[in-house]
Amino acid sequence: MTAISGSAAAVTGAASGIGRALAHELALRGCDLAIADRDEAGLQAAAAEIAKASPRKVTVHRLDVSEPDQITAFAQAAVTAHPSLNIVVNNAGVALLGEFGEIDQAQMEWLFNINFWGVVHGTRAFLPQLSRQREAHIVNISSIFGIIAPPGQSAYCAAKFAVRGFSESLRHELAVANSPVRLSVVHPGGVATSIARNSRAGAGVTDNARRAESIERFDALARTTPTAAAQRIIAGIEKNQPRILIGKDAYFMDLLQRFRPARYWKTMQRMMEKTAARRIARDAARASQ
């Protein structure tokens, strides 16, 4: 068990979404924080929100996880501010809309530098500190798209599958070495964050209607709140769970791909389209009342 109370955690992507909710929930449970993000205004707002709810020590760090030097500097600053830091959450991530032929190489590298290399560099920067603690935990955020791979998400899926593979192999290495560091890889299903609205479009995507439709479908399917996701992650940390699935949709999709590893998408597509259509119609009816 990795105890939350009395710990200190570094959380990237903490200005919004799951990262912000996770920072808040960790502080409520007695954990000091080093929170980081590119969005300085959002980060300051998150810190102020936490300060109103908890007396825990919170330090704020501007960070672009696509820049390895900045990650190294963040790790040094976080450990200086929190000498007993023993939890690291590599959460920062971005989305990119478009099929493989619509995404240029620079865009794919942009996404990988954040979603994959940000996780790797974050893990490398903090691992020496974590290894010196009596108990420690790394949390790497993948996605349900690190387990299944829908069309139109080739770049995102490639990075999230890579996070899963890296994390699982490292977890086994740590266990063989009898390290005090535990590692959980997280696979959220649809969580109601702004990731879809903030996504970039591939260079070859010229249809704005498709982008709007993608956002609308995401909003219809993303029914888990960031707070619920954060609470599930914390429970996983406390139980040292190696894999943390978030949401009933994630559990279902994980199970479906086990039974139909090469043919799950047709079944899933039909179900997702029906579910999204029902929820969009229901929301429209409520809005008109």
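For every chain, the first residue of the written sequence is number 1, and numbering continues from 1 onward in sequence order. Local features are withheld for residues below a pLDDT of 70 in this predicted model, meaning they are given only at 70 or higher, and side-chain atom pairs are given and counted only at 80 or more; totals for whole chains, interfaces and linings count all residues. Computation of side-chain values: all heavy atoms of the structure, hydrogens and water removed.

### Things to note about the UniProt feature "domain: Ketoreductase" (unreviewed entry) in the protein
And step 1. UniProt positions are given in the numbering used here, feature names are shortened, and annotations may be inferred rather than shown by experiment. Here the UniProt-annotated "domain: Ketoreductase" (unreviewed entry) positions come out as residues 7–194.
And step 2. Helix makes up 47% of residues 7–194 and strand 19%. Its end C-alpha atoms lie 29 Å apart. We count a stretch as a helix when DSSP gives it H or I for four or more residues in a row; a strand needs E for two or more, and each element gets its number in order from the N terminus.

### A word on the sheet that holds strand β1 (residues 8–12)
And step 1. If you trace the seven strands from one edge of the open sheet to the other, you get β3-β2-β1-β4-β6-β7-β9, paired in parallel fashion. At either end of the open sheet lies a strand with only one pairing partner, and these are β3 (58–62) and β9 (243–246). This sheet shows a mean twist of 15 degrees between the axes of neighbouring strands, independent of strand direction.
And step 2. Here a strand pair is declared whenever DSSP counts at least two bridges between the two strands. When strand β2 (residues 32–37) meets β3, the two strands line up parallel, connected through five bridges. Along β3, the bridge assignment pairs A36 with H61.
And step 3. Residue contacts are defined here by distance: any two heavy atoms, one from each residue, within 4.5 Å place the two residues in contact. Here, axes are lines fitted to C-alpha atoms. For helices the fit covers the stretch in contact, and angles between N-to-C directions go from 0 to 180 degrees. With respect to the sheet, helix α3 (residues 68–81) is in contact with β1, β2 and β3, its orientation differing from that of β3 by roughly 165 degrees.

### With respect to the nonpolar core
And step 1. Core analysis: the biggest nonpolar cluster contains 36 residues, and A10, F74, L85, L111, F126 and L130 have the highest contact counts within it.
And step 2. Of all the secondary structure elements, the ones that give two or more residues to this core are β1, β2, α3, α4 (105–115), α5 (117–131), β6 (136–141), α6 (154–176) and β7 (181–188).
And step 3. Here the element with the most residues in this core is α6; it accounts for six residues. To qualify as a nonpolar core, a set must consist of buried Ala, Val, Leu, Ile, Met, Phe, Trp, Tyr and Cys residues joined through side-chain atoms within 4.5 Å. To sort residues, take the accessible area from a 1.4 Å probe on protein chains only and compare it with the maximum for the residue type: under 20% means buried, over 50% means exposed, and anything in between is partly exposed.

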